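The primary structure of each chain is shown beneath.
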Amino acid sequence: MRQEFTAQTRKEIKKACKGRVMNNLGRCIGINFLYMVPFALLVLLMYLVLFGRVFAMAMAGYTDEYMLGMALARGMNTVWLVLFLMILISGPLTLGIMRFYLALQRGEEPGVSTLFKPFTSLRALWAGIKMEFCLTFRSALWMIGPTVVYMILAVSMALSMAMRGSAGNVSGVMTVLNILYFIALIPIEIKVMTYSAGWVLVCDDETRGVWDATREASAAFKGQFGKLFVFLLSFVGWYILLMGVIYLCGGLGAAGLILVKGSTGIAIMVTALIAAVCVAVLLGAFLNAYVMTSFFGMYAHLSAPVAGPQDTPFTGSWPGQGGDGTPQ
């Protein structure tokens, strides 16, 4: 038996978690910024490895396409090392930030240094790597079926319409197929989301098997997928606000560049881009912390055992006794 998760429960959990996030907003912004920095540096490194040699040769005056292609091929061979490093650090970093969110959800005040604590222990480092691979593998397993069906239908329809000479309708048919594919992925994404609650069990016990942790965490949401979907849907307004403000900043910058000539227009564009980045970092950090702490709160509610009669403290009197416990 589990506790019932109602709309009122959802509101209470979200309200409590929102308050904790707001009280620790500086920490949330700091840890999200530090979480993104290693990935941004690795992406920059990947770009330099992939195109740096080609760009340098082009600037030096090389026009031989074969030589430029060979330089690009050598860069692609090195990219795999950067991708491996990205995969290697993503698990421990995610374990660190999940520990931060979990402590926040439990009413604690964790420090930003929580992000890097998994790197101080080989056991925690390995636990983060295993958990990241487990979640990726589980997600891939659920995605294989719909993706294969989508690819078969897409190729079959394209070939069929091309043979009948109605290639002009391919774009419309593909649009409908893409929409159906997106709709089919919604329940899969919800299912995969339930596995993410396994971070709670791994954070509490680093020796826990990640496959069992994700399976046990997902089991807590059995029969609650509709409520989890509504729970996730309740954050859509925040994402719309985030994207709206970013696009507004971008639009104002583009308008300034077009309408105002010279260096002033460029200054407006740069200012708008900086504002968009700041909004993305600040509001994005708040939203990430708000969603994850609330999600962990929902899992804590669903996984908590319901107190039965045997768990209720005895406050009455035994048969044959008075209310004060004395024999009648």
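Residues numbered from 1 in each chain as written. Predicted model: local features only at pLDDT ≥ 70, side-chain atom pairs only at ≥ 80, totals over all residues. Heavy atoms only, no water.

(A) Spotlight on the overall build of the chain. Tallying secondary structure elements over the chain gives ten helices and zero strands in all. Scanning the chain from its N terminus toward the C terminus, one meets helices and strands in the order α-α-α-α-α-α-α-α-α-α. Every one of the 328 residues in the chain was classed for burial, and the buried ones make up 35%. Considering only residue pairs separated by 6 or more positions, the chain has 77% of its internal contacts joining residues 24 or more positions apart. When the accessible surface of the chain is totalled, it reaches about 19,200 Å², and 71% of it is carbon and sulfur. (Helix = DSSP H or I, 4+ residues; strand = E, 2+ residues; numbered from the N terminus. Buried < 20%, exposed > 50% of the residue type's maximum accessible area, 1.4 Å probe, protein only. Contact = heavy atoms within 4.5 Å. Areas by Shrake-Rupley, 256 points an atom, 1.4 Å probe, with all protein chains shown as cover.)

(B) Examining the pattern of salt bridges more closely. For the structure on display, the rule yields five salt bridges. When the shortest N-O distance is used, the salt bridge between arginine 106 and aspartate 204 registers 2.9 Å. On the criterion of sequence distance, the pair formed by arginine 106 in the loop between helix 3 (65–105) and helix 4 (122–163) and aspartate 204 in helix 6 (residues 198–204) is long-range, its members being 98 residues apart. Classification of arginine 106 by relative accessible area gives partly exposed; the value is 43%. The partly exposed category is assigned to aspartate 204, whose relative accessible area is 49%. Arginine 215 is the partner of aspartate 212 in a salt bridge, and the nearest nitrogen-oxygen pair spans 2.5 Å. With aspartate 212 and arginine 215 both in helix 7 (residues 210–219) and three residues apart, the pair spans about one turn of that helix. (Salt bridge = Lys/Arg side-chain N within 4 Å of Asp/Glu carboxyl O.)

(C) Layout of the packing of helix 8 (residues 225–233) against helix 10 (residues 263–303). Two numbers describe how helix 8 lies on helix 10: the axes approach to 11 Å, and their chain directions differ by 155 degrees. When the axes of helix 8 and helix 10 are compared, the pair comes out roughly antiparallel. Crossing angle aside, the handedness with which helix 8 passes helix 10 is right-handed. Where helix 8 approaches helix 10, its residues Lys227, Leu228 and Phe231 are matched on the opposing element by Val291, Ser294, Phe295 and Met298. Here the contact of helix 8 with helix 10 is built from residues that sort into five nonpolar, one polar and one charged. (Axes fitted to C-alpha atoms, helices over the stretch in contact; angles between N-to-C directions. Parallel < 35°, antiparallel > 145°, perpendicular 65-115°, else oblique. Left-handed = near helix turned anticlockwise from the far one by under 90°. Nonpolar A, V, L, I, M, F, W, Y, C, P; charged D, E, K, R; others polar.)

(D) Spotlight on a nonpolar patch on the surface. A contiguous nonpolar surface patch, about 680 Å² in accessible area, is contributed by Phe137, Leu141, Trp142, Ile144, Val148, Ile152 and Trp211. With six residues, helix 4 is the largest single contributor of residues to the nonpolar patch. Structurally, isoleucine 152 can be placed in helix 4. Under the relative-accessibility criterion, isoleucine 152 is labelled exposed at 51%. (Patch = residues over 30% accessible without salt bridge, like charges linked within 9 Å, V, L, I, M, F, W, Y side chains within 5 Å.)

(E) Region of the structure containing the state of the cysteines. The tally for this structure, following the rule as stated, stands at zero disulfides. We note that cysteine 249 lacks a disulfide partner, and the nearest cysteine sulfur, in cysteine 278, lies 9.1 Å from it. For cysteine 249, a relative accessible area of 13% translates into the label buried. (Disulfide = S-S within 2.5 Å.)

(F) Molecular detail of the packing of aromatic side chains. Scanning the entire structure with this criterion turns up twelve aromatic pairs. With 6.2 Å between their ring centres and 50 degrees between their planes, phenylalanine 137 and tryptophan 211 make a pair best called tilted. With phenylalanine 137 in helix 4 and tryptophan 211 in helix 7, this residue pair connects regions lying 74 residues apart in the sequence. When its relative accessible area of 38% is taken as the criterion, tryptophan 211 is described as partly exposed. Taken together, the ring pairs connect Phe231, Phe235, Trp238, Phe286 and Tyr290 into an aromatic cluster. (Phe/Tyr/Trp six-rings, centres within 6.5 Å; stacked < 30°, edge-to-face > 60°.)

(G) Spotlight on the nonpolar core. Ranked by size, the top nonpolar core spans 58 residues in total, and within it Met98, Tyr101, Phe221, Phe295, Phe296 and Tyr299 carry the most contacts. Apart from the residues within four sequence positions on either side, phenylalanine 296 is in contact with Met98, Tyr101, Leu102, Gln105, Ser196, Trp199 and Val200. (Core = buried A, V, L, I, M, F, W, Y, C linked by side-chain atoms within 4.5 Å.)

(H) Structural view of the side chain of threonine 9. With respect to the element layout, threonine 9 can be found in helix 1 (residues 7–23). Residue threonine 9 is classed as buried on the basis of its relative accessible area, which comes to 13%. At a separation of 2.9 Å, a polar atom in the side chain of threonine 9 contacts the side chain of threonine 6. Ignoring any residue separated from it by four or fewer positions in sequence, one finds threonine 9 in contact with Glu4 and His301. (Polar contact = N/O pair within 3.5 Å; in protein donor to acceptor, adjacent residues only side chain to side chain.)

(I) How the structure looks around the packing of helix 1 against helix 10. Here helix 1 crosses helix 10 at 135 degrees, and the two axes come no closer than 9 Å. Taken as axis vectors, helix 1 and helix 10 run oblique relative to one another. Along this stretch, helix 1 crosses helix 10, giving a crossing that reads as right-handed. Of helix 10, the residues touching helix 1 (which contributes Thr9, Ile13, Lys14, Cys17, Lys18, Val21 and Met22) are Phe286, Ala289, Tyr290, Thr293, Ser294, Gly297, Met298 and His301. The class makeup of the residues in the contact of helix 1 with helix 10 is eight nonpolar, five polar and two charged.

(J) Focus on the confidence of the model for the chain. Per-residue confidence for the chain averages 84 on the pLDDT scale, and 82% of its residues sit at or above 70. Contacts from residues 311–328, a stretch scored under 50 in pLDDT, to residues over four places away or in other chains number nine contacts. (pLDDT = per-residue confidence, 0-100.)

(K) Main features of the environment of aspartate 204. Along the primary structure aspartate 204 and arginine 99 are separated by 105 residues, whereas in three dimensions their C-alpha atoms are 8.8 Å apart. Contacts of aspartate 204, omitting those with residues within four sequence positions, involve Leu102 and Arg106. Here arginine 106 takes part through its side chain, which lies 2.9 Å from a polar atom of the side chain of aspartate 204.

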